[in-house]
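Survey of secondary and tertiary structure
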Amino acid sequence: MAQPHEISNANFPVDDQGRTYHVELKPGQVANRIITVGDPDRADKFAAFLDQTRDGQPLFRHQSHRGFYSITGTYRGVPVSLVAIGMGMSMMDFFVREVRAVTTGSLAIIRFGSCGTLGPADVGDIIVPTEAVAVTRNYDYFTGDAVPPYHISQPVAADPVMSELLATQLVKLRGADHVFTGLNATCDSFYSSQGRTDPQFTDANLGLFDELQARYPTMTSLEMETFMLYHLASVSQTATGGTPSVRAAAAMMVFAQRRTNAFIDKARVAELETTVGLAVLETLLATPLNEAT
Ligand code: R1P
Ligand code: URA
């Protein structure tokens, strides 16, 4: 059995090989252009698009003990990583911070995930969120304070160049009727803060959809990570300070139409993952990066 690695530095833990504590990557194992997904199977499907090495495998693959799955290789000769992070804003936070810690120069990160929609998109359509808000449960409401049950943050924007490139690639592939841009709500639950009803718990969320769309009429998607990616990109800094060092965008497949209650079938997901995956890779390649920052 492999020996556990010793960890040092309680502020930013790394092991004796220089790998970060949760994502378990060290310098040289992750590229500056990254696609992040939730589902590890989706990362494996994307790996098939990467340039094949002599043994038919990407250059590097690692499953961390905390559920992060990383694949690094090249796409049309350019280094690219795929990192599956699981679900939720805190997993996005681990991923962005730990990858930033072991890379130099600017990073371009695209989240390729799934989402629910309140419309006008439908199941099987693609949404490119040009901005995102966080919707978080306001715990004090549930202990009796006179506050709203959910907090809705101010919006944070995606990288406009990457979003435009992504939307253009996707429209070419899927047609303008099936690609939507707009505001995304990143929620801290798949259930309560996404307005799902659950008789087992008090969630006070019956008016949430209407409240979200009244406050942000362009709000179209609901998912669980994108806001954190855009937020961290917006506060990222270079060694010299100032300019953000992380550029970020997202594309999401609509799995759930929350007004009609339709849910996508598996065959459609497989078809979307392969076609949309290529558009995401092409966008990453077309994103100019200052790798010497
Ligand atoms: C919930 O089913 C998960 O699916 C969405 C949500 O953001 C959440 O992580 O994204 P992924 O398909 O990327 O996992
Ligand atoms: N992912 C989510 O977070 N919500 C949905 O409704 C579908 C996918």
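Okay, so let's go over this structure.

Criteria and cut-off values
Residues numbered from 1 in each chain as written. Chains lettered and ligands numbered in written order. Predicted model: local features only at pLDDT ≥ 70, side-chain atom pairs only at ≥ 80, totals over all residues. Heavy atoms only, no water. Near = heavy atom within 4 Å. Polar contact = N/O pair within 3.5 Å; in protein donor to acceptor, adjacent residues only side chain to side chain. Areas by Shrake-Rupley, 256 points an atom, 1.4 Å probe, with all protein chains shown as cover. Buried < 20%, exposed > 50% of the residue type's maximum accessible area, 1.4 Å probe, protein only. Helix = DSSP H or I, 4+ residues; strand = E, 2+ residues; numbered from the N terminus. Arc of directions from axis to C-beta. Contact = heavy atoms within 4.5 Å. 1 Å grid on protein atoms, 1.4 Å probe; cavity = no way out; pocket = protein on both sides within 12 Å on 5 of 7 lines; lining within 4 Å. Sits in = over half its atoms within 2 Å of the grid points. Nonpolar A, V, L, I, M, F, W, Y, C, P; charged D, E, K, R; others polar. Points joined across faces, edges and corners; volume = space filled by probe spheres on them. Phe/Tyr/Trp six-rings, centres within 6.5 Å; stacked < 30°, edge-to-face > 60°. Pairing = 2+ DSSP bridges.

1. Regarding the site of ligand 1
- Surveying the vicinity of ligand 1 reveals the residues Gly 38, Arg 42, Met 87, Arg 111, Gly 113, Ser 114, Phe 190, Glu 223, Met 224 and Glu 225.
- One of the side-chain N or O atoms of Arg 42 is found 3.2 Å from an oxygen atom in ligand 1.
- The contact in question runs from an oxygen atom of ligand 1 to an N or O atom on the backbone of Met 224, over 2.9 Å.
- Considering ligand 1 on its own, with 350 Å² of exposed area, one finds that the protein chains cover 84% of that surface.

2. Considerations on helix H5 (residues 208-215)
- Restricting attention to buried positions, one finds in H5 the residues Leu 208, Phe 209 and Leu 212. Looking straight down H5, one finds that the buried residues subtend no more than 105° of arc, so they occupy a single side. Facing away from the buried side of H5 by over 90 degrees, the exposed positions are Asp 210 and Ala 214.
- Turning to H5, the residues buried within the fold contact strand S8 (126-137), strand S9 (150-152) and strand S12 (219-223).

3. A word on the site of ligand 2
- As a matter of local geometry, ligand 2 sits amid Ser 114, Cys 115, Gly 116, Phe 190, Gln 194, Arg 196, Leu 222, Glu 223, Met 224 and Ala 256.
- At 2.8 Å from a nitrogen atom of ligand 2 is found a side-chain nitrogen or oxygen belonging to Gln 194.
- Measuring from an oxygen atom of ligand 2, one finds a side-chain N or O atom of Arg 196 at 2.8 Å.
- Considered on its own, ligand 2 offers 240 Å² of accessible surface; in the complex 92% of this is hidden by protein.
- When atom positions are compared with the pocket grids, ligand 2 is found to occupy the largest pocket.
- Mapped onto the shell around ligand 2, the elements with two or more residues apiece are strand S7 (107-117) and S12.
- Broken down by element, the residue count for the shell around ligand 2 peaks at three residues, all from S7.
- Among the residues making up the shell around ligand 2, the classes are represented as five nonpolar, three polar and two charged.

4. With respect to the layout of surface pockets
- Taken as a whole, the largest pocket spans an internal volume of roughly 470 Å³.
- For the largest pocket, the lining is made up of 26 residues, of which Arg 42, Met 87, Ser 114, Cys 115 and Phe 255 are closest to its centre.
- Only helix H1 (40-47), S7, S12, strand S13 (246-257) and helix H7 (266-286) provide two or more residues apiece to the lining of the largest pocket.
- The element that contributes the greatest number of residues to the lining of the largest pocket is S7, accounting for five residues.
- Residue composition of the lining of the largest pocket, grouped by class: ten nonpolar, six polar and ten charged.

5. Regarding the packing of aromatic side chains
- On inspection of all chains with the given rule, the structure shows seven aromatic pairs.
- Consider the rings of Tyr 141 and Phe 142, whose centres lie 4.9 Å apart with planes at 80°: the pair is edge-to-face.
- For Tyr 141, a relative accessible area of 31% puts it in the partly exposed group.
- Taking the centre distance of 6.5 Å and the plane angle of 75° together, the rings of Phe 142 and Tyr 150 count as edge-to-face.

6. A closer look at the environment of His 151
- With respect to the helices and strands, His 151 occurs in strand S9.
- Among the residues examined, His 151 registers a relative accessible area of 44% and is labelled partly exposed.
- Here the alpha-carbon distance between His 151 and Ile 264, two residues 113 residues apart in the chain, equals 29 Å.
- Each residue touching His 151, except ones within four places of it in the same chain, is listed here: Ala 134, Val 135, Thr 136 and Asn 138.

7. Observations regarding the pairing of S13
- Counting buried positions along S13 gives twelve out of twelve residues, so the element sits mostly inside the fold.
- The pairing of S7 with S13 spans eleven bridges and is classified as parallel. Along S13, the bridge assignment pairs Ser 114 with Met 253.
- Sheet topology note: the S8/S13 ladder contains two bridges and is antiparallel. When the sheet's bridge partners are listed, Ile 126 is paired in S13 with Met 253.
- The sheet contact formed by S13 and strand S14 (residues 262-263) spans two bridges and is antiparallel. Its bridge partner being in S14, Ala 256 is matched across the sheet by Phe 263.
- Hairpin remark: S13 followed by S14, antiparallel, with four residues in the connecting loop; positive phi at Asn 261, about 70°.

By themselves these figures say nothing about function.
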